[in-house]
Amino acid sequence: MCQVGEDYGDPAPEGPPPPRPGRELKCVKCSEGLPVVVIRAGDAFCRDCFRAFYIHKFRAVLGKNRLIFPGEKVLLAWSGGPSSSSMVWQVLEGLSRDSAKRLRFVPGVVYVDEGAACGQSREDRAKTLSDVKRILQTLGFPWHVVTLEEVFALPPSVLRCSAPEPVGTVGTYKVAVDSFLQQQHTLEAEGVGDSPSSAQGEAQPSQPCTQDPQNLAEPPPAAQTEALSRLFDSVKTLTAKEELLQTLRTHLILHVARTHGYSKVMTGDSCTRLAIKLMTSLALGRGAFLAWDTGFSDERHGDVVVVRPMREHTLKEVAFYNRLFAVPSVFTPAIDTKAPEKASIHRLMEGFLLRLQAQFPSTVSTVYRTSEKLVKAPRDGCASGPRCLLCMCSLDVDTADSATAFGAQTQDFSQMQPPTPLAEAGAPTVPCRSAEVGRAPNCCQGTRPCRREDSRARVIKQLCYGCRVNMKDVVSRSHSWVVTGEAHPPGLGATQPLVHGHPLLQPSLDPLPPYILAEAQLRSQRLSPEIQEYLLENSDDRAHASGSGAWGPPEDGGEEGQTVCDCINKNIFN
């Protein structure tokens, strides 16, 4: 049997282990330099060859797709992390005159401060912004610093898909490049080619800062910060919080791009991050949108295209490059910092893939290559059909007249509200007192659904399956009270039932930013002409209705006739 003090082998050797066979070889690229980086087994690069290999990957992705034309304004979404910092550094080097093949677009940088959603204090956020400002000023690009609280001031138009620009062909791209080069030769012949502002997209802007530093130092309004904190506190799961944060960040960057005339947005999603995102999206029910979520280009917004030029680089390569060439970055805690592995689906998939990658080095590349084979081909009738209110993808839910089980579930989802804990227990509740909280009076009218429930159903019906699942985890404090008590709730007189307790947590979308709720209401009010032709008219103009042959409510029905009309109209519309 095994014993505690038994010796099962030779003692461990002291000092560093002997080099493995082949480790003393030279660089696999030039066969001369001393290897400093081992990317994969047998792929050892020296410093110069690794730099050339890294830069070639970035340039090859842009050159193969040919989506960014010369002189086009491109917004670089910089989060301060390793991948986005490396992307900004690649663009900076590509625009320098020492580069062999210079990039020809006009870059700008945007940074979104997410400290309020991550629970950072004002002092920590101010320190982070000072570090961000110092790095942005050294770049020389136009930069824009926005806070996540600004989503509460966005217009509803940010959720509308604008008309996309005509897609250029290969011949169009070559014509644009030739025209750009001819313009550069003309400027050089006139003697202005040496000026830093002569070439659009190749030279640094004369004004490195396009934002007022005083505006940067001002914190966002306290009301918006409180609203944002209340929004993320109302989300029950960390998975839904991460999805909501990504959605709001995308909307804010999209608004900045449209406001300042950028037609492309570059993100720093690496190969490893995209592989994790692919598996996570499958688990969240977003399999229909994998080609948009993980592909090189994302054209769902129409006039602004999101591109991912770092999708060929792994996190290991990014870390080596940033360390060897001192790429500056800013560390900011994320919303899932210090969270356990099983706290969210995102963390669980990340740990799963990274453990597999440690044992089987081809795991990430296999998953990533699978995403490259996905085709952006929506279902029939969805290309120009309704889009999701949050992710702006074509709705992947079945229609109301579908014969599938999922279609019936989708139809009943917005009509059936989950019972509250009080309703399940059989306890009576006090009617909604919406007028006391700043809403329209007569919110609850008899047995009809509350207007807040109607608003929630209106939003849910305009969401894809994945966004519906996430919105189920958004709750808010209800204004219902348990009738058991001895003390009156605020605002109830002595004639009202005595209650005791605290507000309940019920599913509600009231904490969402106003632009989302406003766009949902606008979409629900856009009835097609075909539907309006079959809606019954009100009883205000019975003579016109009877004379024109249109259907009107019964003449002797009163309120019952109006109720019948409303019921028929509702059935026709649904």
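Residues numbered from 1 in each chain as written. Predicted model: local features only at pLDDT ≥ 70, side-chain atom pairs only at ≥ 80, totals over all residues. Heavy atoms only, no water.

With that settled, the discussion passes to helix H2 (residues 82-94). Given a rise of 1.5 Å per residue, 13 residues ought to cover 18 Å, and the 18 Å separating the end C-alpha atoms of H2 matches this to within 8%. Of all 13 residues in H2, 11 are buried; the element is thus mostly enclosed. Buried within H2 we find Ser-83, Ser-84, Ser-85, Ser-86, Met-87, Val-88, Gln-90, Val-91, Leu-92, Glu-93 and Gly-94. For H2, the secondary structure elements touched by its buried residues are helix H1 (47-65), strand S3 (73-77), strand S4 (106-113), helix H3 (122-139), strand S6 (264-266) and helix H10 (315-324). (Helix = DSSP H or I, 4+ residues; strand = E, 2+ residues; numbered from the N terminus. Expected span 1.5 Å × (residues − 1). Buried < 20%, exposed > 50% of the residue type's maximum accessible area, 1.4 Å probe, protein only. Contact = heavy atoms within 4.5 Å.)

Quick look at unusual backbone geometry now. Positive phi is not limited to glycine here, since Ser-31 has a value of about 60°. By secondary structure assignment, the location of Ser-31 is in the segment before strand S1 (37-40). Residue classification places Ser-31 among the exposed residues on the basis of a relative accessible area of 51%. Notably, Arg-66 is not glycine yet its phi reads approximately 55°, a positive angle. Relative to the assigned elements, Arg-66 resides in the loop between H1 and S3. On the accessibility criterion, Arg-66 (31% relative accessible area) is partly exposed.

This next bit is on the packing of aromatic side chains. For the structure on display, the rule yields six aromatic pairs. Measuring from ring centre to ring centre gives 6.0 Å for Phe-50 and Tyr-54, while their planes differ by 50°; the resulting arrangement is tilted. Placement of the pair is Phe-50 and Tyr-54 together in helix H1, with a separation of four residues, close to one helical turn. Each member of the pair, Phe-50 together with Tyr-54, is buried. Seen from their ring centres, Phe-50 and Tyr-321 are 6.5 Å apart, and the 55° between their planes marks the pair as tilted. Of this pair, Phe-50 sits in helix H1 while Tyr-321 is found in helix H10, placing the two residues 271 residues apart along the sequence. An aromatic cluster is present here, built from Phe-50, Tyr-54, Tyr-321 and Phe-325 joined pairwise through their rings. For the cation-ring pair, Lys-73 lies above Tyr-262, with the distance from its terminal atom to the ring centre recorded as 4.6 Å. (Phe/Tyr/Trp six-rings, centres within 6.5 Å; stacked < 30°, edge-to-face > 60°. Lys NZ or Arg CZ within 6 Å of the ring centre and 35° of its normal.)

Examined against the element boundaries, Ala-222 turns out to sit in helix H6 (residues 222-233). Distance from Ala-222 to Glu-149, taken between C-alpha atoms, is 9.5 Å for residues 73 residues apart in sequence.

Further remarks concern the environment of Phe-53. Inspection of the secondary structure assignment puts Phe-53 in helix H1. Residues Phe-53 and Lys-29, spaced 24 residues apart in sequence, show a C-alpha to C-alpha distance of 9.3 Å. Leave out the neighbours within four places in its chain, and Phe-53 touches Ile-39, Phe-45 and Glu-317.

Right, let's get into the pairing of strand S5 (residues 143-147). In terms of burial, S5 is a largely internal element, five of the five residues being buried. Alternating positions in S5 separate into two faces, Trp-143, Val-145 and Thr-147 on one and His-144 and Val-146 on the other, with burial throughout. Following the chain from S4 across H3 to the adjacent parallel S5, one finds a crossover that is right-handed. (Right-handed = clockwise from strand over helix to strand, strands pointing away.)

Take the sheet that holds strand S8 (residues 305-307) next. Whether parallel or antiparallel, the strands of a sheet pair through hydrogen bonds between backbone atoms. The sheet built from six strands is open, its strands ordered S5-S4-S3-S6-S8-S7 with mixed pairing. Of all the strands in the sheet, just S5 and strand S7 (297-298) have a single pairing partner and so form its edges. By the bridge criterion, three bridges tie S3 to S6 in an arrangement that is parallel. Counted as the bridge partner of Leu-76 is Met-266 from S6. (Pairing = 2+ DSSP bridges.)

These figures come from the coordinates and say nothing about function on their own.
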